[in-house]
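Spelled out, the chains give:
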Amino acid sequence: MSCDATSDEHIFDRNLLQLIDLRDSTVEYRCDISPAHPGPDLELRPLKLSDFHRGYLDVLSQLTVVGDVSQEKFESQFRAMKSSPGTYYITVIEDTKKDRIIGTATLLVERKFIHSAALRDVVVLDEYRGRDLGKLLVHAMTELGRKLGCYKMSLDCKEKVKSFYAQFGYVAEGNYFMSLRYNE
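Conventions used here
- Residues numbered from 1 in each chain as written.
- Predicted model: local features only at pLDDT ≥ 70, side-chain atom pairs only at ≥ 80, totals over all residues.
- Heavy atoms only, no water.
- Helix = DSSP H or I, 4+ residues; strand = E, 2+ residues; numbered from the N terminus.
- Rg over C-alpha atoms; globule rule 2.2 N^0.38 Å.
- Buried < 20%, exposed > 50% of the residue type's maximum accessible area, 1.4 Å probe, protein only.
- Expected span 1.5 Å × (residues − 1).
- Pairing = 2+ DSSP bridges.
- Salt bridge = Lys/Arg side-chain N within 4 Å of Asp/Glu carboxyl O.
- Contact = heavy atoms within 4.5 Å.
- 1 Å grid on protein atoms, 1.4 Å probe; cavity = no way out; pocket = protein on both sides within 12 Å on 5 of 7 lines; lining within 4 Å.
- Points joined across faces, edges and corners; volume = space filled by probe spheres on them.
- Right-handed = clockwise from strand over helix to strand, strands pointing away.

A. Inspection of the overall build of the chain at higher detail. Within the chain one finds four helices and seven strands. Mapped in sequence order, the helices and strands of the chain form the string β-α-α-β-β-β-α-β-α-β-β. By the compact-globule yardstick of 16 Å for 184 residues, the chain fits well, its C-alpha radius of gyration being 16 Å. Across its three principal axes, the chain shows a C-alpha extent of roughly 45 × 40 × 30 Å.

So this is what it looks like as structure tokens:
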């Protein structure tokens, strides 16, 4: 199934990322970046089916043990997530010059009578760190959750990165849990 006409399909509508406006934010960036312009030769976009070949799983391996995920398993999981519209917002940063995924974050929207969201799998490749790309991913996913009408966003993190998430408004609620309540 690889390399067919659907290999460039996105996991969610890429136009949703155009809704994100970070201009009124109090979060400071060292670099002049935005969702529309994350840096030279970089693109912020939804995960594509073809990103298996661009090293998406290699990026995740800097966060956790990925295991042996075949292309077939990747494609099957991608399609399963895509078949639940409005739930999985896996966003990546691609180095378009190198045709390589260099960062990712996932916004997972829980579909309940009132929906909340979780921020998961935030990681940037080592050699691209220090360029505010992780900050851009977290900020963009946090704002997308707001635009999608979520009332709360939560995440799990280690103690040493709590101050990083606090700049976006996340508040510690225990040792490894933080949340942000919109409209409070």
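Let's pick the thread back up.
B. Representation of the environment of I90. Checked against the element boundaries, I90 lands in strand β2 (residues 88–95). Owing to a relative accessible area of 4%, I90 belongs among the buried residues under this scheme. Linking I90 and Q167, residues 77 residues apart in sequence, is a C-alpha distance of 22 Å.

C. Fine view of helix α3 (residues 133–147). An ideal rise of 1.5 Å per residue puts 21 Å on 15 residues; α3 measures up with 21 Å between its terminal C-alpha atoms. Burial within α3 is extensive, with 13 of its 15 residues counted as buried. Immediately beyond the C-terminal end of α3, within one or two residues, lies G149, with a positive phi of roughly 90°.

D. Quick look at the pairing of strand β1 (residues 42–46). In terms of residue burial, β1 counts as a mostly covered element, since four of its five residues are buried. Two elements, β1 and β2, share five bridges in a ladder whose sense is antiparallel. Bridge pairing in β2 places E43 opposite E94.

E. Broad picture of the pattern of salt bridges. Inspection of every chain in the model, using the stated rule, returns 15 salt bridges. A salt bridge links D21 to R23, with the shortest nitrogen-to-oxygen separation between them at 2.9 Å. With a relative accessible area of 36%, D21 lands in the partly exposed category. Where D132 meets R30, a salt bridge forms, and the shortest distance between an N and an O atom there is 3.2 Å. Of this pair, D132 sits in the loop between β4 (117–124) and α3 while R30 sits in the segment before β1, and the two are 102 residues apart along the sequence. Taking the relative accessible area as the measure of exposure, R30 reaches 63% and is therefore exposed.

F. Examining the side chain of T142 more closely. For T142, the location among the structural elements is in helix α3. Non-local contacts of T142, meaning those with residues more than four positions away in its chain, are made with M153, Y170, L180 and Y182.

G. Expanded view of the layout of surface pockets. There is about 790 Å³ of room inside the largest pocket. Sorting elements by how many residues they give to the lining of the largest pocket places β4 first, with six residues.

H. Inspection of the environment of N183 at higher detail. With respect to the secondary-structure elements, N183 resides in the segment after β7 (177–181). Residues N183 and D51, spaced 132 residues apart in sequence, show a C-alpha to C-alpha distance of 35 Å.

I. Spatial organisation of the pairing of strand β5 (residues 152–156). With four of five residues buried, β5 lies mostly within the body of the structure. Pairing of β4 with β5 involves two bridges; the strand directions are parallel. Note that in β5 the partner of A117 across the bridge is M153. Chirality of the crossover, the property in question, places the unit of β4, α3 and β5 among those that are right-handed.

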